[in-house]
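# Observations on the model geometry
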Amino acid sequence: EYYERTKKLKGREPALSKESRERQSQGTAYVRNEITTRKKADLDANAVTRESLLKSAASQTEAHQARMAKLAADSEATRDAIVNKLKSEVDKIRGELKVPANASPKLKAFLERQQASRANSAGARAQKELNKLRENVNSVVAQARAEYQAFREKNTAERRANADERRRISETYRSDLQS
């Protein structure tokens, strides 16, 4: 009588035998292991892509920095060459137009004006060369920066897509495990 009452209170016993329950738990463990293995393989493939994107970004950044440093060094060297050329031209002009000691004041003034005029024209030519150099360097730098910015945007989009794919993989396998 006690047995019958407790049986009713506990509810109905499962219809599965111990062996069936064991096979069912083994099947569930097998499916869980298979899903986990596939998930790990997919995430590993995604990690390889992610690493290649990160390495690509790092190498592109280093290349961009090296290119900018080279451009700066080249423009500085060219600028120095133009300034040295200007100095040598001015020295040459001063050397060519020596004012004789016995020259009249009018002749001295004329020769000094001529010397100043030639020096100014040499300075103007050098300034034009410097401006042209500055424009060229600015355009090359702007182009390099635009290329680098385009690469960064593309790389960022690819990395975001990679992260979204990683999330999708995790969610897909999580839902597979739950079902």
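Residues numbered from 1 in each chain as written. Predicted model: local features only at pLDDT ≥ 70, side-chain atom pairs only at ≥ 80, totals over all residues. Heavy atoms only, no water.

On to the overall build of the chain, then. When its secondary structure is counted, the chain shows three helices and zero strands. When the helices and strands of the chain are listed from N to C terminus, the series reads α-α-α. Compactness check: the chain gives a C-alpha radius of gyration of 41 Å against a globular reference of 16 Å for 179 residues, more than 25% above the reference. If you line up the chain on its principal axes, its C-alpha atoms span 150 × 25 × 20 Å. (Helix = DSSP H or I, 4+ residues; strand = E, 2+ residues; numbered from the N terminus. Rg over C-alpha atoms; globule rule 2.2 N^0.38 Å.)

The next point concerns the nonpolar core. The nonpolar side chains of a soluble globular protein tend to be buried, and buried together. Grouped together as the largest cluster of nonpolar side chains are nine residues: Met68, Leu71, Ile82, Ala126, Leu130, Leu133, Val137, Val141 and Ala144. Of all the secondary structure elements, the ones that give two or more residues to this core are helix 2 (18-96) and helix 3 (105-178). Examining the composition of this core, we find that six residues originate from one element, helix 3, more than from any other. Setting aside residues no more than four positions away along its own chain, Ile82 makes contact with Ala126, Glu129, Leu130 and Leu133. (Core = buried A, V, L, I, M, F, W, Y, C linked by side-chain atoms within 4.5 Å. Buried < 20%, exposed > 50% of the residue type's maximum accessible area, 1.4 Å probe, protein only. Contact = heavy atoms within 4.5 Å.)

Helix length check: helix 2, at 79 residues, gives a terminal C-alpha distance of 115 Å against a target of 117 Å (1.5 Å per residue), a fit within 8%. Taken as a whole, helix 2 has its buried residues at Ile35, Asn46, Leu53, Ala57, His64, Met68, Leu71, Ser75, Ile82, Val90 and Ile93. Where helix 2 is buried, its residues meet helix 3. (Expected span 1.5 Å × (residues − 1).)

Turning our attention to the confidence of the model for the chain. The predicted coordinates of low-pLDDT regions are not to be read in fine detail. Mean pLDDT over the chain stands at 85; residues scoring 70 or higher make up 92%. Put simply, helix 1 (residues 2-10) is where the chain has its lowest mean pLDDT, 66, and helix 3 is where it has its highest, 88. (pLDDT = per-residue confidence, 0-100.)

Moving on, we get to the pattern of salt bridges. All chains considered together, the criterion is met by nine salt bridges. Among the ionic pairs, Lys85 bridges to Glu129, the shortest N-O distance being 3.7 Å. Separated by 44 residues along the polypeptide, Lys85 in helix 2 and Glu129 in helix 3 bring together distant segments of the chain. (Salt bridge = Lys/Arg side-chain N within 4 Å of Asp/Glu carboxyl O.)

Looking now at the side chain of His64. Mapped onto the elements of the fold, His64 is located in helix 2. Overall, His64 belongs to the buried group, its relative accessible area being 15%.

Now for the environment of Glu112. Residue placement: Glu112 occurs in helix 3. C-alpha separation for the pair Glu112 and Val99, spaced 13 residues apart in sequence, amounts to 7.8 Å.

On to the environment of Arg113. Here Arg113 lies in helix 3. Take Arg113: its relative accessible area is 55%, and that puts it in the exposed class. Arg113 sits 69 residues away from Asp44 along the chain, and the two C-alpha atoms are 79 Å apart.

Below, the discussion takes up the side chain of Asn46. Tracing the sequence through the fold places Asn46 in helix 2. A distance of 3.3 Å separates a polar atom in the side chain of Asn46 from the backbone oxygen of Asn162. If near-sequence neighbours (up to four positions away) are discounted, Asn46 is found in contact with Asn162, Glu165 and Arg166. (Polar contact = N/O pair within 3.5 Å; in protein donor to acceptor, adjacent residues only side chain to side chain.)

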